[in-house]
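Below, each chain spelled out in residue letters.
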Amino acid sequence: MMDSHASMTNLPDSAEGQAHTPHAEEEHAHPDWSIYWKVALILTLITVGEVWAFYVPSFAASRGFVPTLLFLSGLKFTIVVMFYMHLKYDHRLFRVLFTGPLLVASITLIGLLFLFGHLHIKIM
Amino acid sequence: MATTARPAPKHSPDAYGEHSGLWSWLSTVDHKRIGVLYLYTALFFFMFGGVEAIIIRAQLGAPNQHLVSAEFYNQLFTMHGTTMIFLAIMPLSAAFFNFLIPLQIGARDVAFPRLNAFSYWVYLFGGIFITIPILFAVAPNDGWFGYAPLTTRAYSPGINIDFWVIGLLILGVSSLAAAFNFLTTIINLRAPGMTLMRMPMFTWMAFIVQVLLVLAFPVITIALVFLLFDRFFGTNFYNTVSAGADPLLWQHLFWIFGHPEVYILVLPAFGLVSEVLPTYSKKPLFGYPVMVYSGILIAVLGFGVWAHHMFAVGMGPIADTFFGLTTMLIAIPTGVKIFNWIATMAQGSIRYTTAMLFGIGLVALFTIGGISGIMHASPPADLQQTDTYFIVAHFHYVLFGGSIMGIFGGIYHYFPKITGRLMDEKLGKIHFWLTVVAMNLTFFPMHFSGMLGMPRRIYTYDAGQGWDLFNAMSTAGAMIFPIAMLVFIYNFFVSRKRGEIAGSNPWGAGTLEWTIPSPPPEYNFAKIPTVTSRYPLWEGKGIDYECARINSQEGKTPADLGIVMPYSTIKPLFVALGLVTMFCGLIFARALIGVGAALMIFSLYSWLLSPLEPEHH
Amino acid sequence: MPASVAHTSAPTSHHYTTLGLDSRKVAIWAFIGSECMLFVSLISTYLIYKGRSIVGPFPHETWTDPATGHVFKPILNIPVTSASTFVLLMSSLFMVLALAAVQNKEKPKHTRGERVLGNSKLWLWMTASAGATFLGFQAFEFTSFVHEGLSIRTNLFGSSFFTLTGFHGAHVTAGVIWLVTLLAIDYRRGLGSKDSLLVDIAALYWHFVDVIWIVIFTLVYLIK
Ligand code: HEM
Ligand SMILES: [Cu+2]
């Protein structure tokens with residue numbers, strides 16, 4: 001019986017693409033130290049930039065401030081998820097399991113902000 | 001293969017192998033037995049909620065009655081709704097998830113058998129926790145949707161709402177744990193060849209429900225945590241009076257959960273009926289891919305319609321238009337399903353078994369609820385209907401006419417798989433017709449009393465407003481339900497003992513669960529099948545006969561077959577007990593919090609550090 | 001092993017899985033997806049109530065109590081929180097190194113650098129300590145806020161701020177406990193590449209908690 005199990009793991013999972021063959025994960029080269037420290041450096045630099053922006057009164061008061069900070073924060077978010085959580089290299093199922101809920105969550109957040117009058121749609 | 005040889009079980013339909021006795025039930029991690037536990041517990045709560053409904057209807061049967069006090073009436077309708085939704089329909093669905101998902105996808109168990117046991121025990125303890133107070137007339141009394149600020153300490157000073165907040169938090173843990181488990185199971189434990197587009201429709205709908213649970217339950221969890229903090233620690237989330245809190249915060253958070261929740265309640269029944277109708281029409285499900293896509297569309301759109309429960313609060317024209325439109329849109333995929341079921345039956349060779357009758361009943365009655373739903377999708381129309389009995393009529397047509405009919409259909413259909421014996425068809429049909437009559441007599445008149453302006457949640461009313469006749473009809477209908485249920489319960493227990501032996505596929509159904517003995521052996525499949533079609537038993541070359549022969553053998557032990565089974569364990573029960581004790585501490589004695597936490601953490605570590613199953617080499 | 005580890009290509013793994021993935025990894029990603037909704041509910045509430053408190057202290061503005069004339073400075077301490085943010089970011093670096101060290105446990109190591117990088121205990125310690133340091137910063141922040149007159153009951157800002165960051169802190173706490181548990185296993189029997197998955201799922205959780213903080217830091221602390 002046990003042998004038949006082992007052999008079954010080699011059956012192709014026809015309709016869902018070859019990405020699903022067992023052990024596919026291992027075939028991807030995971031990033032290593034040389035990438036990890038660079039990622040950490042970039043994250044640190046972005047954070048320094050964010051805090052610096054906070055302390056520049058003229059910039060902090062400008063219209064570009066909030067979008068810039070949101071962008072930078074989104075960038076850091078993406079970098080950690082892609083490189084440290086290996087989403088860039090891992091099975092695409094994990095991407096679906098994460099981005100799907102993230103999308104629903106983001107849209108819900110934006111919807112709520114509209115409904116509570118923190119964002120405005122201008123008609124006409 | 002280090003499994004120690006065990007005595008061969010007598011594989012009669014009445015026993016699950018060598019398992020019996022109380023201890024075996026407390027420590028089981030077998031998805032089928034956990035499914036049975038869910039079934040019995042949920043049926044109990046279903047009847048408990050039914051009794052509450054009977055008292056409600058008795059009170060409203062005629063004007064100016066004082067059978068119960070206004071205060072107790074509030075507790076009755078709150079607990080009726082809470083019980084039916086969280087303790088009856090969801091767990092009845094969970095019973096089928098447990099029993100069927102692994103069988104339908106060709107797996108030996110769920111992905112995390114011990115977590116599965118944990119979910120059940122949390123549900124049981126949470127259910128008891130939230131149900132006990134009504135016996136002492138201190139039950140939650142602000143409605144199943146617990147609107148804050150009404151539910152804050154300032155307006156609800158008693159412990160009633162404490163039970164509600166904490167009870168729902170506990171039940172949320174159960175639902176979430178189960179959802180991660182089933183989601184993983186469906187994604188990762190499908191047999192070879194069981195591609196997504198070959199999955200039985202029940203498993204598909206279950207899959208979508210798990211996604212909804214995973215996304216919707218965190219939102220109510222947070223809303224409840226806010227309420228808990230407000231009530232116990234003096235935070236201001238819903239403190240509209242002195243802190244300037246927004247009275248709509250709760251409503252939004254609740255309905256962001258609440259609308260997906262209604263699909264959580266009905267999609268499992270849709271899945272069951274999608275197994276029932278093809279079987280008794282001897283035709284594959286019509287438009288399978290469309291059924292799948294409409295299910296996905298319902299799930300996605302389901303997160304964009306929540307504010308249709310709030311048209312009356314004055315959100316402004318943009319929000320009203322948006323939510324009115326999305327609500328009408330979501331009716332389309334729902335309607336598509338109805339047409340597909342009708343097309344499945346069209347020109348089929350239909351057998352009117354009890355299960356089939358309930359299936360057809362769902363198609364007919366749910367449609368009525370869908371239509372009234374579209375009526376109040378329009379904000380101006382809804383302003384007339386909201387908070388009246390018209391809404392009560394709507395959601396009972398979808399929940400009773402939809403969920404409950406589907407679940408009864410599922411019970412009649414799968415009873416032989418679960419117990420190995422058939423239910424009595426004659427009694428089944430009596431049950432069905434009594435139910436249909438009772439259901440329509442109770443809820444159809446509510447459309448009229450609602451349109452005539454009778455509000456929900458009033459404990460009595462004056463004569464002469466045109467409501468008397470309709471209320472009398474509703475009450476008369478409600479009194480038929482207990483008779484129907486007695487017939488069902490009698491049939492259930494007698495058939496369990498003395499029903500006709502079913503065999504592996506009594507209905508000539510087409511999916512994988514019917515290839516194995518009834519009841520299935522603990523390992524389900526002696527040999528994991530390779531699947532090549534949607535209805536392997538129907539499509540000649542869809543089945544590997546050698547594999548089917550192996551799987552239909554009875555009386556083999558896991559040891560005979562070299563199958564490694566998980567150990568049974570009591571630890572998940574203790575973790576659940578610790579969790580619930582911890583929450584009880586908030587109400588009864590703070591010392592319990594520490595005791596519960598210690599029990600929980602200790603049992604959890606002991607669970608996580610002990611192996612699931614014997615080591616194999 | 002509690003369940004199959006598809007990760008290790010060990011042929012003893014007898015449980016078939018459809019995708020060849022370990023179920024625990026699938027479950028932890030589903031859990032993380034679910035947590036997105038949890039934190040969005042908290043963050044939404046914080047943002048909805050932003051600027052709606054009737055009395056101070058406020059996050060970014062000064063407030064004079066009309067009754068006492070007492071002046072409350074903006075309460076958020078950006079320098080301290082920037083430091084704790086940096087610590088948490090670095091903990092993510094340590095975490096990936098811990099995972100890599102466990103995954104490569106059996107590979108021969110020649111240089112001193114390779115031996116340091118391959119020391120799973122070191123990196124698990126570093127991660128857990130960074131997490132604990134972050135919690136220390138948070139404890140300091142919370143107590144100083146209370147001293148300055150902002151508690152969870154003071155106003156809408158206090159309620160939503162403490163609940164949001166407190167939930168995050170509770171997640172960090174759980175993560176630290178998880179890491180310490182892994183350390184205990186490492187000391188008792190040594191974590192090898194066959195245990196990668198145990199560290200992998202802890203790491204995913206840990207990074208997710210970090211990522212949530214990245215969002216909170218911007219939305220709560222930096223944007224006025
Ligand atoms: C055709 C699709 C549907 C539409 C367009 C629809 C629309 C609506 C609307 C607009 C309301 C709010 C009415 C009000 O309170 O004024 C409502 C209430 C409700 N609906 Fe539906 N609905 C649909 C299907 C369902 C389904 C499938 C279920 C559950 C199985 C369901 C369960 C409920 C419940 C429980 C309420 C009342 C909640 C409460 O106030 O206690 N609906 N529906
Ligand atoms: Cu709705």
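Residues numbered from 1 in each chain as written. Chains lettered and ligands numbered in written order. Predicted model: local features only at pLDDT ≥ 70, side-chain atom pairs only at ≥ 80, totals over all residues. Heavy atoms only, no water.

Chemist: Can you help me understand the interface of chain A and chain C in this one?
Modeler: Many descriptions give the size of an interface as the accessible area lost when the pieces come together. Contacts between the two partners involve 53 residues from chain A, matched on the other side by 52 residues from chain C. Here chain A meets chain C over a buried area of about 4700 Å², counting both sides, of which 77% is carbon and sulfur. Here chain A is connected to chain C by 1 salt bridge. Close ionic contact of Asp90(A) with Lys25(C) constitutes a salt bridge, the shortest N to O distance being 2.7 Å. For the pair chain A and chain C, the number of links is 4 residue pairs in polar contact (both at pLDDT 80 or more). Residue assignment for the side of chain A that touches chain C shows that the elements contributing at least two residues are helix 1 (2–8), helix 2 (24–27), helix 3 (33–54), helix 5 (65–84) and helix 6 (92–115) of chain A. (Contact = heavy atoms within 4.5 Å. Buried area = accessible area lost by both parts, 1.4 Å probe. Salt bridge = Lys/Arg side-chain N within 4 Å of Asp/Glu carboxyl O. Polar contact = N/O pair within 3.5 Å; in protein donor to acceptor, adjacent residues only side chain to side chain. Helix = DSSP H or I, 4+ residues; strand = E, 2+ residues; numbered from the N terminus.)

Chemist: Is there a simple way to explain the site of ligand 1 in this structure?
Modeler: Residues and elements named next belong to chain B. The immediate surroundings of ligand 1 are formed by 23 residues, with Trp144, Asp382, Thr386, His394 and Arg456 found nearest. The separation between an oxygen atom of ligand 1 and a polar side-chain atom of Thr386 is 2.7 Å. His394 is positioned such that a nitrogen or oxygen atom in its side chain is 2.9 Å from a nitrogen atom of ligand 1. Of all the secondary structure elements, the ones that give two or more residues to the shell around ligand 1 are helix 7 (249–281), helix 9 (317–345), helix 10 (354–375) and helix 12 (389–419). (Near = heavy atom within 4 Å.)

Chemist: Would you take a moment to explain the coordination of the copper ion (ligand 2) for this structure?
Modeler: Reference values for coordination geometry: four tetrahedral donors around a metal ideally subtend 109.5 degrees, six octahedral donors ideally subtend 90 or 180 degrees. All names here are of chain B. Looking at the metal site, the copper ion (ligand 2) is ligated by His259 (ND1), His308 (NE2) and His309 (NE2), spaced 2.0 to 2.1 Å from it. Mapped onto the sequence, the donors of the copper ion (ligand 2) take the spacing H-x48-H-H. Residue class for His308 comes out buried when judged on its relative accessible area of 13%. Given a relative accessible area of 29%, His309 falls into the partly exposed group. (Donors = N, O, S within 2.8 Å, 3.2 Å for Na, K, Ca; no water. Buried < 20%, exposed > 50% of the residue type's maximum accessible area, 1.4 Å probe, protein only.)

Chemist: What should I look at first to understand the interface of chain C and chain B in this one?
Modeler: Between chain C and chain B, the contact holds 40 residues from the first and 41 residues from the second. A buried area of about 3400 Å², summed over both sides, lies between chain C and chain B, and 65% of it is on carbon and sulfur atoms. When residues of chain C are sorted by the area they lose upon contact with chain B, Tyr16(C), Met37(C) and Tyr49(C) head the list and together hold 15% of the total. Summed over the shared surface of chain C and chain B, the result is 1 salt bridge. Here Asp246(B) and Arg52(C) are joined by a salt bridge, their closest N and O atoms 2.7 Å apart. Secondary structure elements with two or more residues in the side of chain C that touches chain B: helix 1 (23–48) and helix 5 (156–189) of chain C.

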